[in-house]
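Residues per chain are reported as follows:
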Amino acid sequence: MPLIKFFPIFGRLKAYDRHTFKDDLFAGVLTAIILVPQGIAYSVVAGLPPESGLYSSILPPILYAVFGTSQTLSVGPVSIAAIMVASALQAPEIGALGQPVQSALILAAESGLVMMGMALLRMGGLVNFISHPVLNGFTSGASILIIASQLPHMLGLKPPSCGADASCYLVYIENTSMLTLAVGAIAVALLIFFGKPLAFLIRKTGAKPSFITALSKCAPLLTVMLSTLAVSYVPGLGPQQIAVVGSIPSGFPELSLDFFVPEKWRRLLPYSAFIALIAYVESVAIAKVTANLRGEKIVPNNELIALGAANLAAGVSGGMPVAGGFSRTMVNFSAGARTQMAMLIAAGILALAVMFFTPWFENIPKAALAAIILVAIVPLLRLRNIVDTWRYDQGDGLAQLATLAGVLALGIEEGIALGILLTIVSYLRKTSHPHIAVVGRIPGTEHYRNIKRYRVETWQHLLLLRIDDNITFANVNFIEDFINEELALKPGIRHIVLIFNSVSDVDATALEVLENLNRVLQTSRITLHLSEAKGPVLDKLDKTEFFKHLAPGKVYFRTQEAVDELA
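Note that this is a predicted model, so its numbers are computed, not measured.

Here is what the cut-offs are and how they apply
- Residues numbered from 1 in each chain as written.
- Predicted model: local features only at pLDDT ≥ 70, side-chain atom pairs only at ≥ 80, totals over all residues.
- Heavy atoms only, no water.
- Phe/Tyr/Trp six-rings, centres within 6.5 Å; stacked < 30°, edge-to-face > 60°.
- Buried < 20%, exposed > 50% of the residue type's maximum accessible area, 1.4 Å probe, protein only.
- Pairing = 2+ DSSP bridges.
- Helix = DSSP H or I, 4+ residues; strand = E, 2+ residues; numbered from the N terminus.
- Axes fitted to C-alpha atoms, helices over the stretch in contact; angles between N-to-C directions.
- Parallel < 35°, antiparallel > 145°, perpendicular 65-115°, else oblique.
- Left-handed = near helix turned anticlockwise from the far one by under 90°.
- Contact = heavy atoms within 4.5 Å.
- Nonpolar A, V, L, I, M, F, W, Y, C, P; charged D, E, K, R; others polar.
- Core = buried A, V, L, I, M, F, W, Y, C linked by side-chain atoms within 4.5 Å.
- Right-handed = clockwise from strand over helix to strand, strands pointing away.
- Expected span 1.5 Å × (residues − 1).
- Bend = angle between axes of the 7 residues up to and from the residue.
- Polar contact = N/O pair within 3.5 Å; in protein donor to acceptor, adjacent residues only side chain to side chain.
- Salt bridge = Lys/Arg side-chain N within 4 Å of Asp/Glu carboxyl O.
- Patch = residues over 30% accessible without salt bridge, like charges linked within 9 Å, V, L, I, M, F, W, Y side chains within 5 Å.
- Areas by Shrake-Rupley, 256 points an atom, 1.4 Å probe, with all protein chains shown as cover.

Chemist: Help me understand the packing of aromatic side chains in this model?
Modeler: One pair of aromatic rings is described through two measures. These are the centre distance and the angle between the planes. Under the criterion given, the structure shown has four aromatic pairs. Pairing F356 with F357 gives two aromatic rings, centres 6.5 Å apart and planes at 70°, and the pair type is edge-to-face. Here the aromatic rings of F357 and W360 are separated by 4.9 Å at their centres, their planes lie at 50°, and the arrangement is tilted. Judged by its relative accessible area of 62%, W360 falls in the exposed class. Three or more aromatic residues joined by ring pairs make a cluster, and in this case those are F356, F357 and W360.

Chemist: How should the sheet that holds strand β5 (residues 462-467) be read in this particular structure?
Modeler: Taking strand neighbours across the sheet as the criterion, the six strands line up as β4-β3-β5-β6-β7-β8 in an open arrangement whose pairing is mixed. The two strands at the open ends of the sheet, each matched to only one other strand, are β4 (448-450) and β8 (555-556). Bridge count for strand β6 (residues 495-499) against strand β7 (residues 527-531) is five bridges, and the pairing is parallel. The residue of β7 that forms the bridge with V497 is H529.

Chemist: Would you take a moment to explain the packing of helix α9 (residues 132-155) against helix α19 (residues 366-377) for this structure?
Modeler: How two helices sit against one another is set out by the angle between their axes and by the gap between those axes. Contact geometry of α9 with α19 gives a least axis separation of 9 Å together with a crossing angle of 155°. In terms of axis orientation, α9 runs roughly antiparallel to α19. Helix-helix and strand crossings are classified by hand; for α9 and α19 the assignment is left-handed. Within the contact between the two elements, α9 uses S143, I146, I147, Q150, L151, H153 and M154 and α19 uses K366, A367, A370, A371, I373, L374 and I377. Looking at the contact of α9 with α19, its residues break down into ten nonpolar, three polar and one charged.

Chemist: In this structure, what is going on with the nonpolar core? I would like to understand it.
Modeler: Generally speaking, a soluble globular protein has its nonpolar side chains buried in company with each other. Judged by nonpolar contacts, the single largest core of 67 residues is most densely connected at I40, M84, V85, F138, F361 and L369. Discounting residues that sit within four places of it in the chain, V85 has contacts with A46, L48, A104, L107, I275 and P321. Counting residues in each nonpolar core, the second largest holds 32 residues, with V78, A276, I286 and V322 among its members.

Chemist: Help me understand the pairing of β6 in this model?
Modeler: Two faces make up the sheet, and in a regular strand the side chains alternate between them. With five of five residues buried, β6 lies mostly within the body of the structure. As paired strands, β5 and β6 are joined by five bridges and run parallel to one another. From the neighbouring strand, L465 faces β6, where its bridge partner is L498. Handedness of the crossover joining β5 and β6 through helix α23 (residues 476-489) is recorded here as right-handed. Following the backbone out of β6, through helix α24 (residues 508-523) and into the adjacent parallel β7, one traces a crossover that is right-handed.

Chemist: How should I be thinking about helix α3 (residues 18-46) in this particular structure?
Modeler: Since one α-helical turn is 3.6 residues long, residues separated by three or four positions face the same way. Taking 1.5 Å per residue as the helical rise, α3 with its 29 residues ought to reach 42 Å, and the 40 Å between its terminal C-alpha atoms agrees with that figure. If you look at α3, its biggest bend is around 30°, right at L35, and the proline P37 turns up within four residues after that. Among the 29 residues in α3, 21 count as buried, and that is most of the element. Capping of α3 at its N-terminal end is provided by D17; its side-chain oxygen lies 3.3 Å from the backbone amide nitrogen of H19. Note on α3: the residue one or two positions beyond its end, G47, has a positive phi of about 80°.

Chemist: For this particular structure, what's the right way to read the pairing of β5?
Modeler: Most of β5 sits out of view: six of its six residues are buried. Covered by surrounding structure in β5 are L462, L464 and R466 together with L463, L465 and I467, the residues of both alternating faces. Both strand β3 (residues 436-441) and β5 contribute to a ladder of three bridges, which runs antiparallel. Bridging from a neighbouring strand, V438 pairs with L465 of β5.

Chemist: How should the environment of L462 be read in this particular structure?
Modeler: If you trace the backbone, L462 turns up in strand β5. A relative accessible area of 5% means that L462 is categorised as buried. When the C-alpha positions of L462 and D564 are compared, they lie 11 Å apart, and in sequence the two are 102 residues distant. Dropping the residues within four chain positions of it, L462 is found in contact with I493, H495, V497, V563, L566 and A567.

Chemist: What's the story with the pattern of salt bridges in this structure? I'm lost.
Modeler: Any two side chains of opposite charge can pair, on the condition that their charged atoms come close. Counted under the stated rule, the structure contains eleven salt bridges. In this structure, the salt-bridge partner of R441 is E457, at a minimum N-O distance of 3.3 Å. With R441 in strand β3 and E457 in the loop between β4 and β5, this pair connects stretches of sequence that are 16 residues apart. Note on R441: relative accessible area 15%, which makes it buried. Residue E486 pairs with K490 through a salt bridge whose shortest N-O separation is 3.3 Å. Here E486 falls in the buried class, since its relative accessible area comes to 13%. Residue K490 is classed as partly exposed on the basis of its relative accessible area, which comes to 29%. Taken together, the shared-partner salt bridges in this structure form one network comprising E263, R266 and R267.

Chemist: Hey, could you run me through the side chain of R466 in this one?
Modeler: If you trace the backbone, R466 turns up in strand β5. Residue R466 is classed as buried on the basis of its relative accessible area of 18%. Engagement of the side chain of R466 in a polar contact is seen with the side chain of D468, the distance being 2.8 Å. Apart from residues no more than four positions distant in its own chain, R466 is found in contact with H435, I436, A437, V439, Y448, N450, I499 and N501.

Chemist: How do you make sense of helix α6 (residues 79-90) when you look at a structure like this?
Modeler: With twelve residues, α6 should reach 16 Å at 1.5 Å per residue; the first-to-last C-alpha distance of 16 Å fits that figure. When you tally the buried positions in α6, you get ten out of twelve residues, the bulk of the element. Taken together, the buried positions of α6 are occupied by S79, I80, A81, A82, I83, M84, V85, A86, A88 and L89.

Chemist: Would you mind going over the environment of Q240 with me for this structure?
Modeler: Mapped onto the secondary structure, Q240 falls in the loop between α14 (219-233) and α15 (262-294). Since its relative accessible area comes to 69%, Q240 is described here as exposed. Separated by 124 residues in sequence, Q240 and M116 have C-alpha atoms that sit 46 Å apart.

Chemist: Would you mind showing me how to read a nonpolar patch on the surface here?
Modeler: On the surface, F252, L352, M355, F356, F357 and W360 cluster together into a nonpolar patch covering about 660 Å² of accessible area. Along the chain, the position of L352 falls in helix α18 (residues 341-356). Its relative accessible area of 46% is what places L352 among the partly exposed residues.

See the structure below:
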């Protein structure tokens, strides 16, 4: 049992059969087809050699398959991690150290160690402390950064260095290569056509869903193949006119720890920590999507170990930081993957490609890779979601908007930190201003509802207050002020009943304030009562002299009993 707990793959292999292998084989081949262009493309996004993404797609998924608890999560290079790596490498203090490839290896290994440390501290639940609005704001901001980084490749331009000079950008854009733009535009059109339009046309022929999935998901590879053939053999479209990937070394790099440079490790630690946090949160969120569809369970702490091992493997094998990829995972899931054996098969196929077929990748146009990234990234740009979040909850909407703006204006790490800070501030504000309702009885029933929402019975000398939150140091003064304001509006009140059906805790500060409030009320000949208090709350209050001081006030089991006696 302990072996299966730490190595979930052994539990899956116990019930493995031929039918399961058939499903995994099909899904593995399909996922491998996607891994090749995506691995190269995300290397370009990160500002690294194309082989970095390929290396990250071999050993890391194998390690995740051994330790991970998701049956279908596809681990490898992803867009968000790539843009975070690019952001780290472009930081002045990191760029001054030189050797960006070595820095990327350190980021991968260090983020893996951070995840391992989090696992040792049982911090798997940390995934719950980054709100979805902050995550969505970060994803949208990072998507804009990725789109901006790929547009020069689509236009055949080098990244701009114009700063704030608007006229410089006009001259810059005038140098657009129309041939490169045409290749990129055709690639985008092919990718879009191979999506829903082609699936719709094939579905009319009565083809099997698995065939439709396979064909539509082959779009990136087919786009790369066609554009590469065009650059290689069509006159006027050679590497001299259109930027291509260039030479990629064949075979695997030696497993090495030569990248251990203490000074670099120290400076890169903050960036590695952010990469580890976001990679973990994104991966677990994606894993939960497919796990919920099959009724499976994800163990967050095991995921930290698995993702940490995968990133360590990326570091020692010449790769870049990795995480679970949404598009690849959904392809893997839709293709019928039953276990992580599908990713082992995909990694094996990719290993063969790296060993024997890298010369075929030399003439891949960068514009085609940019098109693949743009088509994959645009759906992640959810600006409309900010409006929806704002309408639902202004605090969350502000955090989401601030995260997006912070990522664009300040940087990825600063934007996330700003979003988390605003989320905490919003939470504290809500906690310090709990909902309190003056309630009355709906005629002919024993139901008590808010007087502002329902037509209810009330009594001149009886005030019923329902407190819809725990009573703590953060909000007890707000509650006290609310009671005093109601008494100022209703001078005839002689009894106050605090309805505690939504109160699960009263802390020491709140107890002291309630006792002081009770003394002040008794001086004004107003009696304080409680009703519908929960057992744990009564147990805590029973350890004090609160009930003794409450007299002649009482604790009622039901609000109706209080009304029968006091009204």
